[in-house]
Amino acid sequence: MEDAVPKMLDHQVIFRRRRPEPGSNLNNQMTYRVFSNCPEKRRKMDYFVDGDVIRHWCLMAEILEVDLVEGVVIVKAVDSTGDEGEITFTDAIDEEKKLSETDRFKTFKPGHTIVVLYPFLSEQQTDTADKSKEVNRVHVKKESYYTIFPVTLASFYHVQVYFTQRAQYRVACAAPDCLEYQNLKACSGCHSVEYCGREHQVKDWAIHKQYCKTILILEAFRRKNWAKATPAFNFVPGRIEEPFRD
């Protein structure tokens, strides 16, 4: 995934001065799992005590393709290490919306990022397309345990570069070659990147629009305490600014 992460751009998109919280560190593999290090299903009891999750985690991957096999949705995706895996959804039926597998099939689009809460490796490890090939597969148990964001996986890591490398600098206008840092106004979309005026905001939009939604999403993940034992997190499908259910 490292090769897919864009290099720092030569303009000053600088976040508010603050240190990144643990929830925004995508390199923390205790929180942001890849297919190969998702816990095995037989160890489920090691992660849940009295209804609480001891330590929260998720799988973040980019959708490659989706198959509908005998009414079962199978999403093929690639994680941040470049490894491919499968995500299945046979039990993830929302009782309120009664979302059918056929309807769910239409929601998965290649290039979008899927995030799965509390994924366990399935016991079955055979590729659905090639029975002779082994594949890491996780299974979604609840509708609220997954969501899809209309951004690439690489964009998350690009945004983290700003969180990590730019947090120590004074906030300045994000437009190229502008060093103004007084009377700035934040983008109404992400509420993080700031500009000295509308002219410079419009000038920078061609670049910023690629990451505006991603900033909002990563901010929401940053606000969660992933290391504290609490009841399970849940997603509100389709919501970007506040993707987690209160």
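Please read these numbers as outputs of a predicted model, since none were measured by experiment.

**A closer look at the overall build of the protein chain**
Then, in step 1: A count of helices and strands for the protein chain gives 4 helices and 12 strands.
Then, in step 2: When the 246 residues of the protein chain are sorted by exposure, 47% land in the buried category.
Then, in step 3: By sequence separation, contacts in the protein chain at least 24 residues apart represent 69% of the contacts at least 6 residues apart.
Then, in step 4: Summed over all atoms, the accessible surface of the protein chain reaches about 13000 Å², with 48% contributed by carbon and sulfur.

**Considerations on the sheet that holds strand β2 (residues 48-49)**
Then, in step 1: What the 3 strands build is an open sheet, ordered β2-β3-β12; its pairing is antiparallel. The outermost strands of the open sheet, each flanked by one partner alone, are β2 and β12 (230-231).
Then, in step 2: As judged from the 2 bridges shared by β2 and strand β3 (residues 52-53), these two strands associate in the antiparallel manner. Counted as the bridge partner of F48 is V53 from β3.

**Some remarks on the environment of L216**
Then, in step 1: Checked against the element boundaries, L216 lands in helix α4 (residues 212-223).
Then, in step 2: Accessibility expressed as a relative area gives 13% for L216, which makes it buried.
Then, in step 3: Sequence-wise, L216 and H191 are 25 residues apart; in three dimensions their C-alpha atoms are separated by 7.8 Å.
Then, in step 4: In contact with L216, other than residues within four places in its own chain, are G189, C190, H191, I240 and E241.

Cut-offs applied
- Residues numbered from 1 in each chain as written.
- Predicted model: local features only at pLDDT ≥ 70, side-chain atom pairs only at ≥ 80, totals over all residues.
- Heavy atoms only, no water.
- Helix = DSSP H or I, 4+ residues; strand = E, 2+ residues; numbered from the N terminus.
- Buried < 20%, exposed > 50% of the residue type's maximum accessible area, 1.4 Å probe, protein only.
- Contact = heavy atoms within 4.5 Å.
- Areas by Shrake-Rupley, 256 points an atom, 1.4 Å probe, with all protein chains shown as cover.
- Pairing = 2+ DSSP bridges.

Spatial relationships are all this shows, so hold off on functional conclusions.
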